[in-house]
Amino acid sequence: MNALKTTAKYLLPAPQQSPDGRDQWPSRMAFLLAAMGGCAGMGNLLRYPSQVFNNSGLQWFIPYLMCVFLIAIPVLVLEIAIGQAYRGGCVVANNAVNHRLRGLGLSLLYVGFVVSPYFVANLAWIMRYFRSSFQSPLPWDGRGEDFFYKDVVANVDPLPGSFSPDGSEVLRYTSYPGVGMIAETVGWTVFTWFLVWVSIFRGVGLTGRVVYFTMGLPIVITIVLIGRSLSLENASQGVKLFWASWHGEKLASGEIWQTACGQVFFSTGVGFGYFTSYASYNQKYSNAVMDSILIVTSNVLFENIAAFAVYGVVGFLGLFPQDGVRLGSFTVEFITLPSAVTQMPGANFWAVLLFFTLMVLGYSSAFAMVDAIVTLAMDAQPRWNRSLVVTIVVAVFVLLSLPYCTEFGYYLLTGIDRWINDVALVFVVWSECVTSTTVYRWKDVVGQVGLPAFITYNSGYFGGMILGVALAQAVSPVVGAGVGFGLFAACTLASLVTGETPDSPAPKWWRKNAFTSRMWYLAFYPVGHSPHLT
């Protein structure tokens, strides 16, 4: 009995306690691995190479790296810093920054709340492939699309809608007659949610052990898959497509900038709320800047290295970009890679490795998103039993996943995925950036330069972004950039001329004259003078 208790205590450790009584990670490495596990998921191995493929070549890295260094790292510093400083999840932490930012904290949780149910349904499809990988021959050999769409997804074809002859009104909307549940998808969904429950029900003590498995093993297997992919015939042609081709004209399209931004947000995990929750279990004065740089750079390295597993397959199968033809992450995941596996010697072995890796990568991201919501509940009522809270939250998510397990689930999933990742997530991160630099300590700024100057500057700041993007989409990128930057420059100049002279000196170079002092307070004071967030 004592041996059993000792084993249970080792496998299910209670979390350590920080001086303020909050649960604490067993080590800094545990936090970093958990955060990296939230980043490193299927988006790195599947979504990333499909985005590079669709934007065909090296020009992709210009908007991609700009988003990494100008947005992802600073936003991650913000999310981790406020979690550590205010000892709470994203709602509590943002409320502590300013009570008007509670809605921002909730919007971060909303993204994870919507993504988690369909994300786990996608993992259930992977488990179907994993189970089928033990059959010989592989059941999708020679019928990759049919196996995915008819056997795994098994969605009933929709009844197409129609317009009036002149196109002025809708006569019939598209309808989806399939409403039945797909039993195996439901079973694997429940199983995956059970794994999520096991990983987080005891808190960060147990999660800190789980992440060593969810991060270490996939990395090793991914390296093996890369080696196999690059050894395929014509693999070099696929690598050349991504790393030795240039189509600079694509940079004039807003699509490449939007998709690069969405990919960076999705793969790094900013905007989902779990970094703030994870960081709230750190020591209060951990180095948030260094942690953020380590997390983002490791994610960038992982997805660019792991993508070679797809690049080799692209060359092997002779896939090359064509106008109007896009390679989606679902296509890579369930058709392209499985089709390549069937043509390899020892196909079953490689299929098992592939889908096991995808499952573990996705599962670590799933429990990170759920943990953010659990943290909100525990912040609100610290005396609640965590195991009970996790059980209730996971049970709710099981129910929310069921619509994606139906005969119209794939259509539902693809529609929500498109709008959440490329629209809602970008908007949430944008809101996180602008509110944290405008609402935070705004009274201090007004006290130094005056309310008219503050309003004028921020009218150009917000107006330039909103109007610039709108005109870029409606007219042209050149017009949008000209109007956006022009409005911002004009309002900045007006605020510098009309603003009051600060009575508190700005630091170093900025104190040279009244104009530079005003510029410091208007543009840099909220982020340059934040003692509580360092």
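Here is what the cut-offs are and how they apply
Residues numbered from 1 in each chain as written. Predicted model: local features only at pLDDT ≥ 70, side-chain atom pairs only at ≥ 80, totals over all residues. Heavy atoms only, no water. Patch = residues over 30% accessible without salt bridge, like charges linked within 9 Å, V, L, I, M, F, W, Y side chains within 5 Å. Areas by Shrake-Rupley, 256 points an atom, 1.4 Å probe, with all protein chains shown as cover. Salt bridge = Lys/Arg side-chain N within 4 Å of Asp/Glu carboxyl O. Helix = DSSP H or I, 4+ residues; strand = E, 2+ residues; numbered from the N terminus. Phe/Tyr/Trp six-rings, centres within 6.5 Å; stacked < 30°, edge-to-face > 60°. Buried < 20%, exposed > 50% of the residue type's maximum accessible area, 1.4 Å probe, protein only. Lys NZ or Arg CZ within 6 Å of the ring centre and 35° of its normal. Expected span 1.5 Å × (residues − 1). Bend = angle between axes of the 7 residues up to and from the residue. Axes fitted to C-alpha atoms, helices over the stretch in contact; angles between N-to-C directions. Parallel < 35°, antiparallel > 145°, perpendicular 65-115°, else oblique. Left-handed = near helix turned anticlockwise from the far one by under 90°. Contact = heavy atoms within 4.5 Å.

Caption draft 1: Broad picture of a nonpolar patch on the surface. Residues I62, L65, M66, F69, L70, W246 and W257 make up a contiguous nonpolar surface patch of about 700 Å² in total accessible area. Element by element, the count of residues in the nonpolar patch is highest for helix α4 (residues 61-86), at five residues. The residue W246 is located in the loop between α10 (235-243) and α11 (254-268) in this model.

Caption draft 2: Inspection of the packing of aromatic side chains at higher detail. In this structure the tally under the stated criterion is 49 aromatic pairs. Where W25 meets Y278, the ring centres are 5.2 Å apart and the plane angle is 80°; that geometry is what we call edge-to-face. Of the two residues, W25 is situated in the loop between β2 (23-24) and α2 (28-39) and Y278 in helix α12 (residues 274-279); the sequence distance between them amounts to 253 residues. We note that W25, like Y278, is buried. Seen from their ring centres, F308 and Y311 are 5.3 Å apart, and the 65° between their planes marks the pair as edge-to-face. With F308 and Y311 both in helix α14 (residues 308-317), this residue pair falls three residues apart, about one helical turn. Site record: aromatic cluster; members linked through ring pairs are W125, Y129, W140, F147, F148, Y149, Y176, F334, F355, Y410 and Y411. Here the basic side chain of R518 rests over the ring of F515, its NZ or CZ set 5.3 Å away from the ring centre.

Caption draft 3: Spatial organisation of the pattern of salt bridges. Counted according to the given criterion, the structure contains seven salt bridges. One salt bridge connects D151 with R143, and the closest N-O pair in it is separated by 3.0 Å. Of the residues examined, D151 reaches a relative accessible area of 28% and is grouped as partly exposed. Here R143 falls in the partly exposed class, since its relative accessible area comes to 29%. With its nearest N and O atoms 4.0 Å apart, the salt bridge here joins K150 to D146. Of this pair, K150 and D146 both sit in helix α7 (residues 144-152), four residues apart, roughly one helical turn. D146 sits in the partly exposed class, given a relative accessible area of 36%. Through salt bridges that share partners, R128, R131 and E184 make up one connected network.

Caption draft 4: Here's a closer look at helix α6 (residues 102-132). Spanning 31 residues, α6 covers 46 Å between terminal C-alpha atoms, matching the ideal 45 Å at 1.5 Å per step. Along its length, α6 reaches its greatest deviation from straightness, about 30°, at S116, and the proline P117 lies no more than four positions downstream. Within α6, 24 of the 31 residues are buried, which leaves it mostly tucked inside the rest of the structure.

Caption draft 5: Geometry of the packing of α6 against helix α17 (residues 386-401). Close contact between α6 and α17 brings their axes to 8 Å; oriented N to C, the two are set at 65°. By the criterion of interaxial angle, the relationship of α6 to α17 is roughly perpendicular. Seen along the crossing, α6 lies across α17 with a hand that is right-handed. On α17, the residues that touch F113, S116, P117 and V120 of α6 are F397, L400 and S401.

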